[in-house]
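Architecture and fold: a report
Okay, here's what each chain looks like letter by letter:
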Amino acid sequence: MSNWRADQDPPVAPADFLELLYEDEVELSGEEGESDGSEMIETDLEDEGEDSDRDISLVEAPLHSVTSPERRERLSRMNDPTTPPRRAVSRERSRSPLSFSSESATITVPAEGLVLLFDEFGTPLDEQTPGDEFFAPDTHPLYVIGERGRDERNRRGTTGRRGGRRGVRGVRGQSARGGEYPNRGHRGGRRWQTGQPLREIWLHDDDVPPELLSLAMDVLRRRQMRLQGDAVVDSTERGRVASESEDEDEFVDASDGADALYSLERQNFDFEWYPMDTFEGQEHNFQPNRTGSVRYFDSAYDAFRSYWSDEVLGLIVAETNLYASKISSASFQADWFPTNLHEILCLFSFWMMLGIVRLPTATSCFSVDPLLKTEVFRRIFTRRRYEMLSRALHFVDSDPVMDNKNPSNTGARSLDRLRRLRPILTHLNSAFKSNYILSKDICIDESLTLWKGRLKFKQYIRNKASKFGIKTFELCESTTGYLWSFIVYTGKQSATDLEQSPGVPKSAAVVKKLISPLLNKGYRLFMDNWYNSPLLARFLKLNGTDCVGTLRSSHRDVPIVINKAPLNRGEYIARHSGDVTVLSWQDKKRVTMISTCHGSSTALPTVSSRPLSRTVAFKPQVVLDYNKYMGGVDLKDQMLEPYLLERKRCKKWYMKLFKRLLNVSILNSRILVESSTHKHHDHLAYRLQLVDTILSKHLSHCPQTRRYTASSSRSTHLQPNRFVHSTHWPVSLGSRKRCFVCLKNGKKNIRTSYCCESCRVPLCVEDCFKAYHTSPAP
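Note that the coordinates shown come from a computational prediction; the quantities given were computed from them, not determined experimentally.

Attention now moves to the nonpolar core. Judged by nonpolar contacts, the single largest core of 144 residues is most densely connected at F304, W308, F348, F350, W351, L540 and F658. Here F304 is in contact with L345, F348, M352, L662, S665, I666, S669, L690 and I694, once residues within four sequence places are set aside. Membership of the second largest hydrophobic core comes to nine residues, among which are C739, C742, L763 and F769.

Shown next, in the form of C-alpha cells:
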C-alpha cells in the first residue's frame, strides 16, 4: 500500500493506485499481446450537464515508461487531439471524479472539493485534520465527497428521512440500513440493539422542533375557536353547568353517572402537557382489607349452588312447565310430564359431560353402537326425554302481543332483545358480584360467544377465536380470570342498558357501567385503546381508580408532540398533564400508552422460562404492567375452551348464550373453592366431581314416571322381588287357533298364535292370557 498527500502542489498520484483503479481499461487497450504497463489509459467521463456540482474532465494517466516503438506510436495517436477518443466497451467501475494530467502524472483536485478518506466499509475516518487527507490504493473514489456535501450532511445531521445516513453509498454486497454494521444511520450514530437501555427524546420543550410546536399551537387555536363557537350557540346551558360546578367540590362522585362525565368533558376539554420531570402522580391506596371468596367453600357442589339457588331454578322450572303446556303437538303432550328442580340440575350435568366427552351430535350420546356407546348419558336421560326438555326449556313468559299492522306502533322497535334471557342475566350479574371480592388489578375487554345464524346484533371480532357471535363486555380479575360483571351488546339498544347520556361515547359508558360499584376503592383498571382516552382516565383518577392501557395516538386530546414525534426503534417520548401520562414507544411497531400511576421509567421483563443465554429487551414499565395484567378476559376464555357446553348446534341463540353463562359459573365456582382452600384444583377433576355430586343427590328425585323407563330401572336391577317362580308363560302354537276366552265371550272369529306353556290353551297375549290365569272359574 502506498500513500500520497493531497496538499502537495500539485498532488502526485502513485502509479500503482492508478493501475489498480483502471486495470479494466488496460486490458481493453491491449489488443496485441500482453501489456507491459507502458500504455496510456484515456477515459472520458459522461457529461453531467451544466448543473453538475463537480468539475469532472478527461482523465489521462501514464502507468509505466514507454519502451516499445509500437506502443510509443499508439500512445502518440492516443494523445493526438484530432484523433477521436476510444471508448471502452464495458466498464464495471464508476468513473473517477478526479482529473489527472498525462504529462506530469499528477491529479488535479477540484477547487471546491475537500478530499476525505473513508475506510473499506464506507465509514469516514474520525481523526483527520486539514492537510492530512490522503488516498490509499484500496480506497475507491466513490467515497470521496466535497466540502459542499460535507457541509450539507453536517447541517441536516447524520439521519435522513427514515433514519439512514445520506451522502455516502454503502459497500457492495452490504445494505446501507444495516448489514454487518447495523449501528449506522440512527441518533448518535448507533442503532438500538436488544439489551440496551431505551432512549428518551425531547426531555424538555426546548428540544422540540419549532415546526412541531407551530403545528401544536395551530391545533390548540382551532379548538379554542370551536369552543367559542359552541359557547355562542348554547351559552345559557354552559352557564348553568359552570355555576353548578363552582358550587360543588372538584371531586366527581360516582353517583353522578354519565352526566358527571359529560360535564367533566365540557369543563376540561383542553389538556396542558408538560415534560416528565415535573410528574408527581401516585397510585391510589387499595382499600379492601381482604379479597377472594366472600364465604368459605370446600366442595364444588356448594360453590356451584351459590350461583344457581333454588329460587332461580324454581323460576326455570315454572317457566318450562308453562311453556310445555302451550306446545301444540299431540305426540309431545302425550309423552310430556312436568319437570322439577332435580331434573333441571341433572340437565346441567348432562351438558357438563357433553363439554368433556366430545361427540359429533347430541343423538350420538344415546347410541348403542359399541364404538359410540357412553353409559353416563343413557343413565341420566332417555333420548326422548332429553329432546323434550331441550324443546320446552324456558326462562320467561311468552312474547307480548303487539299490533304490527298499526304503522304508529313503535313497540317492536323498543322491545328488549334480551327479554328471553333477562331474568338469568340479572341474577347471574348479581350473584357474580356478591360472592367474590376482586383483587387490585382488573381489566375490561370483549368476549365472543360463537353464533353463525341470523341475529341483528351479531358481531365480528377478527382477533377472537370465534370471529362471529354475540359480544359481551366483561370485567374480570386479571390474575384468575374471574368474571365479575358483564354486559351483552345488542346494538343501538345497548344505550338503554348502559344508561348512556347524549354526548358521552359508548366506550366511556361501558366502562362507567361496569366499574361503577368499584369506584373510590383504589382499583387499577387495564383497558385497550377502544376504551381509553385522556378524559376517561382523568374521570377515573378523580374517582379513586387508576387507569392503564393502550391509546390511539390520533385521539383529539393526545399531544401533537407525542403523535408526530419521529422515533427510531428503542426510543420513546412521554408527557403528562397533571395526573395523566401519555407515552409513545417505538418497538417493531409504535405503541402509545396512557396511565395515571406510571412515569417514564423502564425495566427488564422477568420471565422465568426464558433461556439465560437469550438477551432481554428493556421496555417501559407501563408496557410491562399492561402485558401482565390485561389478559384477564382472554385467560377466562382460554380456560373455558376445552370444556365448551355450547359446542353443539342450537336453533335458539339465547339457549347458546345461556350455556355459555352456565359454563362461566362453573369456572367461577372453581375460583371460589381455590380462594377458600388456597389449593389448586385440576379443572377436569373439578368438573367430574361436580357432575358426580349432582347425579348422586338429584337423579333419584327426578319425576316419578322416570322410574319405569329403561334407563332409570338400571339402578334396581338387582332387587330380589323381580324374580317370579311360575310355569305359565305364553309360547307360540305354530298355527292360528280360536282364543278360548274370546270364544267364551261370544267372539268366534278371534284367532291367536299363542298358548299357555303349561295349560296348552290358545289365548290372546294382550288381555286374555292374564284373565284366564287370574279370573275364577265359571
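Packing of helix 11 (residues 341-356) against helix 23 (residues 683-698) leaves a shortest axis separation of 9 Å and a crossing angle of 150°. In terms of axis orientation, helix 11 runs roughly antiparallel to helix 23. You can see that helix 11 and helix 23 cross each other, and the crossing is left-handed. Together, L341, H342, L345, C346, S349, M352, M353 and I356 of helix 11 and L684, R687, L688, L690, V691, I694, L695 and H698 of helix 23 make up the contact between the two elements.

Counted by the stated rule, this structure contains five cavities of 30 Å³ or more. By volume, the largest cavity amounts to about 60 Å³. Forming the boundary of the largest cavity are S447, T449, T472, E474, L483, F486, L657, R660, L661 and V664. Those elements that place two or more of their residues in the lining of the largest cavity are strand 10 (441-450), strand 12 (468-477), strand 13 (483-488) and helix 22 (653-677). The element that contributes the greatest number of residues to the lining of the largest cavity is helix 22, accounting for four residues. A breakdown of the residues in the lining of the largest cavity according to their chemical character gives five nonpolar, three polar and two charged.

This paragraph deals with the pattern of salt bridges. What the rule picks out here adds up to 19 salt bridges. One salt bridge in this structure joins R384 and D335, with 3.3 Å as the shortest N-O distance. Residue R384 is found in helix 13 (residues 383-392), and its partner D335 is found in helix 10 (residues 330-335); the two are separated by 49 residues along the sequence. In this structure, a network of salt bridges that share partners links the residues E283, K440, D441, R524 and D625.

Comment: phi is negative for the bulk of residues other than glycine, and the bulk of peptide bonds are trans. With a phi angle near 65°, N520 is a residue other than glycine that sits in the positive phi range. Structurally, N520 can be placed in the loop between helix 17 (506-515) and strand 14 (524-527). Classification of N520 by relative accessible area gives partly exposed; the value is 26%. The backbone of R760 shows a phi angle near 60°, a positive value even though the residue is not glycine.

With that settled, the discussion passes to the packing of aromatic side chains. Going through the model one piece at a time under the given rule, you end up with 27 aromatic pairs. With a centroid separation of 5.8 Å and an interplanar angle of 25°, the aromatic rings of F271 and W273 are classed as stacked. Like F271, the residue W273 is buried in the burial classification. Considering the side-chain rings of F350 and F377, the 5.1 Å spacing of their centres and the 70° angle between planes classify their relative orientation as edge-to-face. With a gap of 27 residues between them, F350 in helix 11 and F377 in helix 12 (residues 375-380) connect regions that are remote in the sequence. The buried category is assigned to F350, whose relative accessible area is 0%. In textbook terms, an aromatic cluster arises when at least three aromatic residues are bridged by ring pairs, as seen for W308, F348, W351, F395 and F658. The ring of F332 carries the charged tip of R391 above its face, separated from the ring centre by 5.4 Å. The ring of Y489 has K471 lying over it, and the distance from NZ or CZ to the ring centre is 4.6 Å.

The next subject is a positive patch on the surface. Taken together, the side chains of R736, R738, K748 and R751 make up a positively charged region of the molecular surface. With respect to the secondary-structure elements, R738 resides in strand 21 (residues 730-738).

What counts and how
- Residues numbered from 1 in each chain as written.
- Predicted model: local features only at pLDDT ≥ 70, side-chain atom pairs only at ≥ 80, totals over all residues.
- Heavy atoms only, no water.
- Core = buried A, V, L, I, M, F, W, Y, C linked by side-chain atoms within 4.5 Å.
- Buried < 20%, exposed > 50% of the residue type's maximum accessible area, 1.4 Å probe, protein only.
- Contact = heavy atoms within 4.5 Å.
- Axes fitted to C-alpha atoms, helices over the stretch in contact; angles between N-to-C directions.
- Helix = DSSP H or I, 4+ residues; strand = E, 2+ residues; numbered from the N terminus.
- Parallel < 35°, antiparallel > 145°, perpendicular 65-115°, else oblique.
- Left-handed = near helix turned anticlockwise from the far one by under 90°.
- 1 Å grid on protein atoms, 1.4 Å probe; cavity = no way out; pocket = protein on both sides within 12 Å on 5 of 7 lines; lining within 4 Å.
- Points joined across faces, edges and corners; volume = space filled by probe spheres on them.
- Nonpolar A, V, L, I, M, F, W, Y, C, P; charged D, E, K, R; others polar.
- Salt bridge = Lys/Arg side-chain N within 4 Å of Asp/Glu carboxyl O.
- Phe/Tyr/Trp six-rings, centres within 6.5 Å; stacked < 30°, edge-to-face > 60°.
- Lys NZ or Arg CZ within 6 Å of the ring centre and 35° of its normal.
- Patch = residues over 30% accessible without salt bridge, like charges linked within 9 Å, V, L, I, M, F, W, Y side chains within 5 Å.
- Areas by Shrake-Rupley, 256 points an atom, 1.4 Å probe, with all protein chains shown as cover.
- Lys, Arg positive; Asp, Glu negative; His and termini not counted.
- Charge placed at Lys NZ, Arg CZ, Asp CG, Glu CD.

The analysis is restricted to geometry; functional conclusions fall outside its scope.
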